[in-house]
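Structural features, examined
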Amino acid sequence: MSSAVLYIMTQKGFEVLRRLTSTYPAVIERVVIGKDSNIENDFNKEIAAHCRSAGIAFDFRGAEPELRGDEYVFAISWRWLIKHPVERLIVFHDSPLPRYRGFAPLVNMLVNGEKEIGVTALFGASEYDRGHIIGQQTSPVTYPLKIADAIELNNRNYCDLAESIAARIAAGEEIVGVPQKESNATYSIWRDDDDYAIDWSKSAEEIQRLVDAVGSPYLGARCRTSKGHQLIVENVEVVEDVHCEIRDVGKVIFMREGRPTVICGAGMLELTDVWLVTDAGREPFLPMTSFRVRFC
């Protein structure tokens, strides 16, 4: 029977490891664990502890032995080059390819309001996310949808897809893929600090999707006020719109129990969970006491 080496990190990798050790443990040759100090929890400790309890050999990135050419490799949340034959390197990507190739696909799909999210397993390629597709697992979604809930849902897609491929390996099947249809390809662009900023000229629904998509475990949607406050907006609710003779986006139009309703390019949002950024960290901004405030 063929075997697989798991190159994994983050909660996605941890969840896949747990699933495979309960269903197809014999497929796992060993595990290579990645570390990333830029992530609040990269799950390297949880992955190592699970390997110990399950009796699975593991190494940390940089200390792993050479790969054999006949092993399959599962790369999940992996950010570094793996030198291995393309037809044996199986990469897992956070979108139904060929759409959303590239960076932060799950966040960008939620910002765009896509009707489904999913995972693709594909063979490695010289250009990112262009390898032949081995399989996909998708889930329908509705909005509003928090990123933490989307991650949990997509982690199940990861586990289901990895398990289906492991079953084929356990059965002695040769894993094959099909070429992507280039005419359907789109790209998901990397995100930086500027992409956390709220643009109040957009619709209330678009802004709500942004707030929900970049919340915990990410940094949260950002804005400032005309009074100089720097804010993190964690929760908003779309409320019934009213006709404004002059639609001054960003201005507070109503106040309910200290929660402001803000005029958007289309529609209105009530801000229900907002934090003030301070030198010491952050503190609650609500309830608001001043009515004449513009959010920028």
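Residues numbered from 1 in each chain as written. Predicted model: local features only at pLDDT ≥ 70, side-chain atom pairs only at ≥ 80, totals over all residues. Heavy atoms only, no water.

**What to know about the overall build of the protein**
- Within the protein, the secondary structure is distributed over five helices and 15 strands.
- C-alpha extents for the protein along the principal axes are approximately 70 × 45 × 30 Å.
- Burial analysis of the protein (296 residues in total) assigns 47% to the buried set. (Helix = DSSP H or I, 4+ residues; strand = E, 2+ residues; numbered from the N terminus. Buried < 20%, exposed > 50% of the residue type's maximum accessible area, 1.4 Å probe, protein only.)

**Observations regarding the nonpolar core**
- Ile117, Ile198, Trp200, Leu269, Leu271 and Phe295 are the most contacted members of the largest nonpolar core, which totals 38 residues.
- Elements represented by at least two residues in this core include exactly helix 3 (105-112), helix 4 (147-170), helix 5 (204-213), strand 10 (221-224), strand 11 (230-239) and strand 14 (268-278).
- Within the second largest apolar cluster, 33 residues are counted, among which are Leu20, Tyr72, Leu161 and Ile175. (Core = buried A, V, L, I, M, F, W, Y, C linked by side-chain atoms within 4.5 Å.)

**With respect to the sheet that holds strand 4 (residues 72-76)**
- Pairing is mixed in the open sheet, where seven strands are placed in the order 3-2-1-4-5-7-8. Every interior strand has two partners, whereas the edge strands, strand 3 (58-60) and strand 8 (133-140), have only one. Averaged over all pairs of adjacent strands, the angle between their axes in this sheet comes to 15 degrees, without regard to strand direction.
- As defined by bridge partners, strand 7 (residues 116-123) adjoins strand 8 across seven bridges and the pair is classed as antiparallel. For Ile117, the partnering residue across the bridge sits in strand 8 and is Ser139.
- Together, strand 5 (89-93) and strand 7 form the strand contacts of helix 3, whose direction differs from that of strand 7 by roughly 150 degrees.
- Lying on the sheet, helix 4 is in contact with strand 4, strand 5, strand 7 and strand 8; it crosses strand 7 at an angle near 35 degrees. (Pairing = 2+ DSSP bridges. Axes fitted to C-alpha atoms, helices over the stretch in contact; angles between N-to-C directions. Contact = heavy atoms within 4.5 Å.)

**Quick notes on the pattern of salt bridges**
- Scanning the entire structure with this criterion turns up 24 salt bridges.
- In this structure, Asp70 engages Arg68 in a salt bridge whose closest nitrogen and oxygen atoms are separated by 3.0 Å.
- Across the salt bridge formed by Glu174 and Arg88, the nearest N and O atoms sit 3.4 Å from each other. With a gap of 86 residues between them, Glu174 in the loop between helix 4 and strand 9 (187-188) and Arg88 in the loop between strand 4 and strand 5 connect regions that are remote in the sequence.
- Look at the salt bridges and you will find they share partners, linking Glu29, Arg30, Asp59, Arg68, Asp70 and Glu71 into a network. (Salt bridge = Lys/Arg side-chain N within 4 Å of Asp/Glu carboxyl O.)

**Focus on the packing of aromatic side chains**
- All chains considered together, the criterion is met by nine aromatic pairs.
- Aromatic side chains Phe74 and Phe92 sit 5.6 Å apart centroid to centroid with 55 degrees between the ring planes, which places their arrangement in the tilted category. Note that Phe74 is positioned in strand 4 and Phe92 in strand 5, a separation of 18 residues in sequence.
- By relative accessible area, Phe74 is classed as buried at 1%.
- Aromatic side chains Phe92 and Tyr158 sit 6.1 Å apart centroid to centroid with 25 degrees between the ring planes, which places their arrangement in the stacked category. Linking Phe92 in strand 5 with Tyr158 in helix 4, this pair joins segments that are 66 residues apart in sequence.
- A relative accessible area of 6% places Phe92 in the buried class. (Phe/Tyr/Trp six-rings, centres within 6.5 Å; stacked < 30°, edge-to-face > 60°.)

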